[in-house]
Amino acid sequence: MTEPQRRNAMADMTAIVSGEELVPWRRIRVLLDHKLAMVQHPVLTQGSLTSLGLTDKGLRFIGET
């Protein structure tokens, strides 16, 4: 991962943790490709949404700084 990608990943994961929903897809793909984030599928009921969460690797990545 390049240094700019690393900075973007850190900012994006911080946004995910805080509940931000406007992370661009091209940057989400980097998180998914590096297994730092995962798509969470809740039990689908009326009004439920798919969301992003951090993997164990993603949590360790955040803890490195």
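On a predicted model such as this, the values are computed, not experimentally measured, just so you know.

Colleague: Could you give an account of the side chain of Thr 55, with specific residues and numbers?
Modeller: Relative to the helices and strands, Thr 55 resides in the loop between β2 (51-54) and α3 (56-63). When sequence neighbours within four positions are dropped, the list of residues in contact with Thr 55 reads Lys 35, Leu 36, Ala 37 and Met 38.

Colleague: Describe the pattern of salt bridges, with residues and values.
Modeller: For the structure shown, the criterion picks out two salt bridges. Across the pair Arg 7 and Glu 3 runs a salt bridge, and its minimum N-O distance is 4.0 Å. Of this pair, Arg 7 and Glu 3 both sit in helix α1 (residues 3-17), separated by four residues, roughly a single helical turn. Assessed through its relative accessible area of 45%, Glu 3 is described here as partly exposed. Ionic pairing is found between Arg 27 and Asp 12, a salt bridge with its closest N-O pair at 2.6 Å. Placement of the pair is Arg 27 in helix α2 (residues 25-33) and Asp 12 in helix α1, with a sequence separation of 15 residues. Note on Arg 27: relative accessible area 27%, which makes it partly exposed.

Colleague: So what about the nonpolar core? Which residues, and what values?
Modeller: Looking at soluble globular proteins, one finds that nonpolar side chains tend to be buried together. The biggest cluster of nonpolar side chains holds 12 residues, and these are Ala 9, Met 10, Met 13, Ala 15, Ile 16, Val 23, Ile 28, Leu 31, Leu 36, Ala 37, Leu 54 and Phe 61. Breaking this core down by element, the ones donating at least two residues are α1 and α2. Ranked by residue count, the leading element in this core is α1, at five residues. Not counting the four nearest positions on each side in its chain, Ala 15 is found in contact with Glu 20 and Val 23.

Colleague: Run through the environment of Thr 55, naming residues and quoting values.
Modeller: Accessibility expressed as a relative area gives 16% for Thr 55, which makes it buried. For the pair formed by Thr 55 and Met 38, sequence separation is 17 residues and the distance between their alpha carbons is 6.3 Å.

Cut-off values and rules
- Residue positions are counted from 1 within each chain, in the order its sequence is given.
- Given that the model is predicted, a residue must reach a pLDDT of at least 70 before its local features are reported, and side-chain atom pairs must reach 80 or more before they are shown or counted; all residues, however, enter totals for whole chains, interfaces and linings.
- In computing side-chain properties, one takes all heavy atoms of the structure into account and sets aside hydrogens as well as water.
- Strands here mean DSSP runs of E at least two residues long; helices mean DSSP runs of H or I at least four residues long; both are numbered from the N terminus.
- Any two residues whose heavy atoms approach within 4.5 Å at even a single point are treated as in contact.
- The working definition used for a salt bridge is a side-chain nitrogen of Lys or Arg within 4 Å of a carboxyl oxygen of Asp or Glu.
- For the exposure calls, accessible area comes from a 1.4 Å probe over protein chains only, and a residue counts as buried if that area is under 20% of its type's maximum, exposed if over 50%, partly exposed in between.
- Remark: nonpolar core denotes a set of buried residues (Ala, Val, Leu, Ile, Met, Phe, Trp, Tyr, Cys) joined through side-chain atoms within 4.5 Å.

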